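Single-letter residue listing:
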Amino acid sequence: MSVMPVPLVKHELSLLAINLTRRCNLACDHCYLDADTLKHGNQFELATAEVCRLLDEAVQCGEGPMVVLTGGEPLMRRDLEEIITYGAGLNLAMVVGTNGIMLTERRVRSLKRAGVLGIGISVDSLDTEQHDKFRGRSGAWTKTMAGIEACRRNEVSFQIHFSITENNADELPAMIDFARSCGARVLNIFFLVCTGRGESVTDLTPQRYEQILGELIEAQERCSDLIIRARCAPHFKRVAHQRKPGSSLNRISGQDGDGCIAGTHYCRITPEGAVTACPYIPDEVGNIRVDSFRTLWANSPELQSLREPQLSGSCGACEYNKLCGGCRARPLALGGNLMDPDPVCVYQPRGGPVIQPLADELHCDVYWSAEAEQHLHRIPGFLQRMVKKRAEAYVAELGLDCVRPEHLYELAAKRFGSSGPPGQIR
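Reading the values: the criteria
Residues numbered from 1 in each chain as written. Predicted model: local features only at pLDDT ≥ 70, side-chain atom pairs only at ≥ 80, totals over all residues. Heavy atoms only, no water. Helix = DSSP H or I, 4+ residues; strand = E, 2+ residues; numbered from the N terminus. Buried < 20%, exposed > 50% of the residue type's maximum accessible area, 1.4 Å probe, protein only. Contact = heavy atoms within 4.5 Å. Areas by Shrake-Rupley, 256 points an atom, 1.4 Å probe, with all protein chains shown as cover. Pairing = 2+ DSSP bridges. Salt bridge = Lys/Arg side-chain N within 4 Å of Asp/Glu carboxyl O. Phe/Tyr/Trp six-rings, centres within 6.5 Å; stacked < 30°, edge-to-face > 60°.

Engineer: Please provide a residue-by-residue account of the overall build of the protein, values included.
Structural biologist: If you tally the helices and strands in the protein, you get 15 helices and 12 strands. The buried share of the protein, reckoned over its 426 residues, is 57%. Contacts spanning at least 24 positions in sequence make up 73% of the contacts within the protein whose residues lie at least 6 apart. In the form shown here, the protein has an accessible surface area of approximately 18600 Å², with 51% of it arising from carbon and sulfur atoms.

What follows is the structure, encoded as structure tokens:
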């Protein structure tokens, strides 16, 4: 198939999730894939060569995007290390998302040799029985804990993924303490979008959702040694701005990493090669077996609609619609339209002007010292844009006009603690 040259697009790819397989060794209540091909897999899964060809194209869509290899359970793919090695050779940031029960000492060492940048491990409760029930397999918690310890012993950077529901929300403070004590660098709190088997999971009420977002912001202010992030919760940007409206750091668009980036800087690939804006938006914009991924990323009308959204209802009228914009998957999951209001947001628009995010050129009078620029260029490409914007906003707030290395150190300490960035896991 001949591929016509495609110009680089404004919305560079920062994060690419590849569901390598529907195979899984668990049967989690919340799985969006409804991963039912547990043992025999799917004969239509992307082959090794197809995944590597996809990675070749991903390099052309952004400055060193991060690639998350997930599933199902990606460790069930025997070619996982081969894929990681290939991607790392392209200077892509290769990470793995796993339930952790196959993370033996031997496998962790193998992943490290292959060039994995980090591993995301799912822990849904510190109560052994509750975690095992949620995951659908007795003994899962114990094996996952052993996998975490194997990562720690072998100095492989890892983060904890906590899917929060009404049943485990009260564990949030304990989960934060656990993540800190076990050596995780990031704790990602996933707010469920009810698709797949997740349709049977009782979700949080909008009021509880709002309360937890506030708790996460407060927890991050107390914990300098752990990154605590809300996932699938773009309202985080609005809540943060309401708490500190004078901070220019809170006027950085959610599309730059702290909110929903579906279709703007992120998409996912199904095991069969279909491209969707995110795992919770099932509408396929094309298939990499038919069209060039680069072409789909640049030209898909469906992705373009997310890049210039025409929001309706309260989201369209909201003064935070450019900082937040709401989750587009949730109204769709409830049978509505992609641009309908997010059903879990309790905020009522007040009729004020739309709060504009910081433009890239806003701090054009702030320049970078040669030493600071060297530090910036050592950061993986997918992070550079966000770090640059944050650094310039920080320096401007200080009343200065030059970004120096010490400013980057100060920002890193505020975000990551004295131990520094977390192996650059985004």
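Engineer: Pulling in residues and values, what's your account of the pairing of strand β7 (residues 227-231)?
Structural biologist: Of all five residues in β7, five are buried, a share of seventy percent or more. A two-sided burial pattern is seen for β7, the buried positions comprising Ile227, Arg229 and Arg231 on one face and Ile228 and Ala230 on the other. Two strands pair when backbone bridges link them, and strand β6 (residues 186-191) and β7 are joined in this way by five bridges, in the parallel orientation. Bridge assignment links Asn188 to a residue of β7, and that residue is Arg229.

Engineer: Kindly report on the pattern of salt bridges, identifying the contributing residues and their values.
Structural biologist: Within the structure shown, the criterion is met by 17 salt bridges. Note that Arg153 is salt-bridged to Glu149, the shortest N-O span being 3.4 Å. Here Arg153 pairs with Glu149, and both are found in helix α5 (residues 140-153), just four residues apart, close to one helical turn. A salt bridge links Asp225 to Arg180, with the nearest nitrogen and oxygen atoms 3.0 Å apart. One end of the pair, Asp225, is in the loop between α7 (206-222) and β7; the other, Arg180, is in helix α6 (residues 172-182), and 45 residues separate them in sequence. You can call Arg180 partly exposed: its relative accessible area is 35%. Three or more residues are tied together by salt bridges with common partners; here these are Glu105, Arg109, Glu149, Arg152 and Arg153.

Engineer: Please set out the packing of aromatic side chains residue by residue, giving values where relevant.
Structural biologist: All told, the structure shown has two aromatic pairs when counted by the stated rule. With 4.8 Å between their ring centres and 50° between their planes, Phe191 and Tyr209 make a pair best called tilted. Linking Phe191 in strand β6 with Tyr209 in helix α7, this pair joins segments that are 18 residues apart in sequence. In this structure, Phe191 and Tyr209 share a single accessibility class: buried. Aromatic pair Tyr320 and Tyr347: ring centres 5.5 Å apart, planes at 80°, arrangement edge-to-face. Separated by 27 residues along the polypeptide, Tyr320 in the loop between α11 (313-317) and α12 (329-333) and Tyr347 in the loop between α12 and β11 (367-368) bring together distant segments of the chain.

Engineer: Explain unusual backbone geometry to me, and be specific about the residues and the numbers.
Structural biologist: Among all residues save glycine, negative phi is the norm, and among peptide bonds the norm is trans. Here the residue pair Gly71 and Gly72 is connected by a cis peptide bond, since its omega of 15° sits within 30 degrees of zero. The residue Gly72 is located in the loop between β2 (66-70) and α2 (80-89) in this model. Within the chain, Glu155 stands out as a residue other than glycine whose phi angle is a positive 55°. For Glu155, the position within the fold is in the loop between α5 and β5 (158-164). With phi around 55°, Cys232 is a residue other than glycine that occupies positive phi space. Looking at the element boundaries, Cys232 is found in the loop between β7 and α8 (235-243).

Worth remembering: the numbers are spatial, not functional.
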